[in-house]
Amino acid sequence: MIPAAPNAGCDSAAAPVLRERGQREVFCGLTGIVWLHRKIQDAFFLVVGSRTCAHLIQSAAGVMVFAEPRFATAIMEEKDLAGLADANEELDNVVDRLLERRPDIKLLFLVGSCPSEVIKLDLSRAAQRLSTKHQPKVRVLNYSGSGIETTFTQGEDACLAALVPEAPSAGDDATPSLLVVGALPDVVEDQFSRLFAELGIGPVAFFPPRRSGEIPAVGPNTRMLIAQPFLGDTARALEARGAKRLPALFPFGAEGTTHWLKAAADAWDVPEMDFRRVVAPHRERAKRALARSKETLDGRSIFFFPDSQLEPPLARFLAEELGMRPIEIGTPYLNRDLLSEELKRLPEGAQLSEGQHVDKQLDRCRDARPDLVVCGLGLANPLEREGLTTKWSIELVFSPVHGFDQAGDLAALFARPFARRSVLRV
Ligand code: SF4
């Protein structure tokens, strides 16, 4: 047990963090391609990896090859790994062929993997070389999605951090603007855009943008609302460009979304009465949508294995708005800056844990016998077999869960495993 740092910006000193290192059961950062390739519509993600990487992406994304997906894997063969072939030359040929066949690509990400890192293939130099060759038609960037360096959602963080230098500079005299950071489904972006417009907050831009040519300018008058708790590197890169982060809860549930919007409203000096007039109907509707799941979830205990870094805000949402009782809130990394508001509101008695030693954590979970376990796919089936009810954490990243209109759906994701178990019970 390591007491939290006293200056961590939260009162989590009262809630010691259990830090563990050991075997982890998490997906690698390549997984982010599954949602990122749908978001930036003229981008392409070329994984430089092995057949394993290709299988992971293909099966996780579930896209048919004939659908011309915006991702692929340049497969490294044994001769590449043994250093018998010039991997750079082969990569250049693959990229040339790809760009010739797909003139719609405007932004190409070279995505590093475990194999490319093991042979120390320098993808940043490759990206520079290929950018020079294919500019101005195509920009080539790189980031790592390797399981050595990243877990599950960190791939998005690495991708967006790589995109930050592409943002034009906004000077000191630029109009104050709001930047919403984190890949959100288009429908959720549209809902937030309408709310910001009603509140008189703007101009508003989203990062990443839907098209690579629409990367918003960033500077000292940029205010950021972070939409995903796993974007630590991206937030730091934007802050280095002068942007200022608005500390807030994450927009999960009625309370989280209200708090998140209020942070922007305060920065834009929106009068309290106006804020309430705009937000209250949405907030009330969200609360009503939660009521049905609350009947199932109220009073039940929940145990989070570390997976996506969404765990602390989700635990706060489930405890405050649905009456659940978090026993352990595991997260792969605890970013105290981004989570400063969340940590203040975690329920007393919940064990916060960072990192993973999967065997020890499984023992704690079995001892606690929680009503619901949130974990990765690899742990879910064995735990179900032991009689525990589980929720796949990956669904929480793949489903639209942010904002007022999704609050009911988010709660239902946690209620559904109970319904399933009662149906299966004989
Ligand atoms: S990047 Fe590493 S962990 Fe991810 S699929 Fe490829 S080999 Fe596996």
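Cut-offs applied
Residues numbered from 1 in each chain as written. Predicted model: local features only at pLDDT ≥ 70, side-chain atom pairs only at ≥ 80, totals over all residues. Core = buried A, V, L, I, M, F, W, Y, C linked by C-beta atoms within 7 Å. Buried ≥ 20, exposed ≤ 12 C-beta atoms within 10 Å, placed from the backbone. Helix = DSSP H or I, 4+ residues; strand = E, 2+ residues; numbered from the N terminus. Contact = placed C-beta atoms within 7 Å. Arc of directions from axis to C-beta. Pairing = 2+ DSSP bridges. Axes fitted to C-alpha atoms, helices over the stretch in contact; angles between N-to-C directions. Right-handed = clockwise from strand over helix to strand, strands pointing away.

Asks: When you look at the nonpolar core in this model, what are you seeing that I'm missing?
Replies: Most often, soluble globular proteins have nonpolar side chains that are buried together. Grouped together as the largest cluster of nonpolar side chains are 121 residues, with contacts concentrated most on Phe45, Leu46, Leu108, Phe109, Leu110, Val111 and Val181. Examining the composition of this core, we find that six residues originate from one element, strand β2 (residues 43–49), more than from any other. Apart from residues no more than four positions distant in its own chain, phenylalanine 45 is found in contact with Ile33, Leu36, His37, Arg70, Phe71, Phe109 and Val111.

Asks: What is the right way to look at the environment of leucine 141 in this model?
Replies: By the secondary structure assignment, leucine 141 is in strand β5 (residues 139–144). Discounting chain neighbours no more than four positions away, the residues touching leucine 141 are Phe109, Ala127, Ala162 and Leu163.

Asks: Would you take a moment to explain helix α9 (residues 232–240) for this structure?
Replies: Every α-helix carries 3.6 residues per turn, so stepping three or four residues along brings you back to the same face. Within α9 the residues assigned to the buried category are Thr234, Ala235, Ala237 and Leu238. Looking down the long axis of α9, one finds its buried residues gathered within 165° of arc, a one-sided arrangement. Turning to α9, the residues buried within the fold contact α7 (154–163), β6 (177–181), β8 (222–226) and β9 (244–245). Two residues or fewer after α9 comes glycine 242, characterised by a positive phi angle close to 105°.

Asks: When you look at the sheet that holds strand β4 (residues 107–112) in this model, what are you seeing that I'm missing?
Replies: Whether parallel or antiparallel, the strands of a sheet pair through hydrogen bonds between backbone atoms. Taken in spatial order, the four strands make up an open sheet running β3-β2-β4-β5, and their pairing is parallel. Only two strands of the sheet have a single partner each, and these edge strands are β3 (71–75) and β5. The sheet shows a mean angle of 25° between the axes of neighbouring strands, direction not considered. Of the strand pairs in this sheet, β2 and β3 are connected by five bridges, and their pairing is parallel. Bridged to glycine 49 within β3 is isoleucine 75. Along the sheet face, helix α6 (residues 123–134) touches β2, β4 and β5 and points at about 170° away from the line of β5.

Asks: Help me understand the sheet that holds β6 in this model?
Replies: Judged by pairing direction, the sheet is parallel, and its four strands sit side by side in the order β7-β6-β8-β9 without closing on themselves. At either margin of the open sheet sits one strand with a lone partner, and together these are β7 (204–207) and β9. Pairing geometry for β6 and β7, over four bridges, is parallel. The residue of β7 that forms the bridge with valine 180 is phenylalanine 206.

Asks: Mind showing me how you'd approach the pairing of β6 here?
Replies: The side chains of a regular strand alternate, first on one face of the sheet and then on the other. In terms of burial, β6 is a largely internal element, five of the five residues being buried. Burial along β6 is two-sided: the face carrying Ser177, Leu179 and Val181 and the face carrying Leu178 and Val180 are both buried. With five bridges joining them, β6 and β8 adopt parallel strand pairing. Bridge pairing in β8 places leucine 179 opposite methionine 224. Viewed along the sheet, the connection from β6 through helix α8 (residues 186–199) into β7 turns out right-handed.

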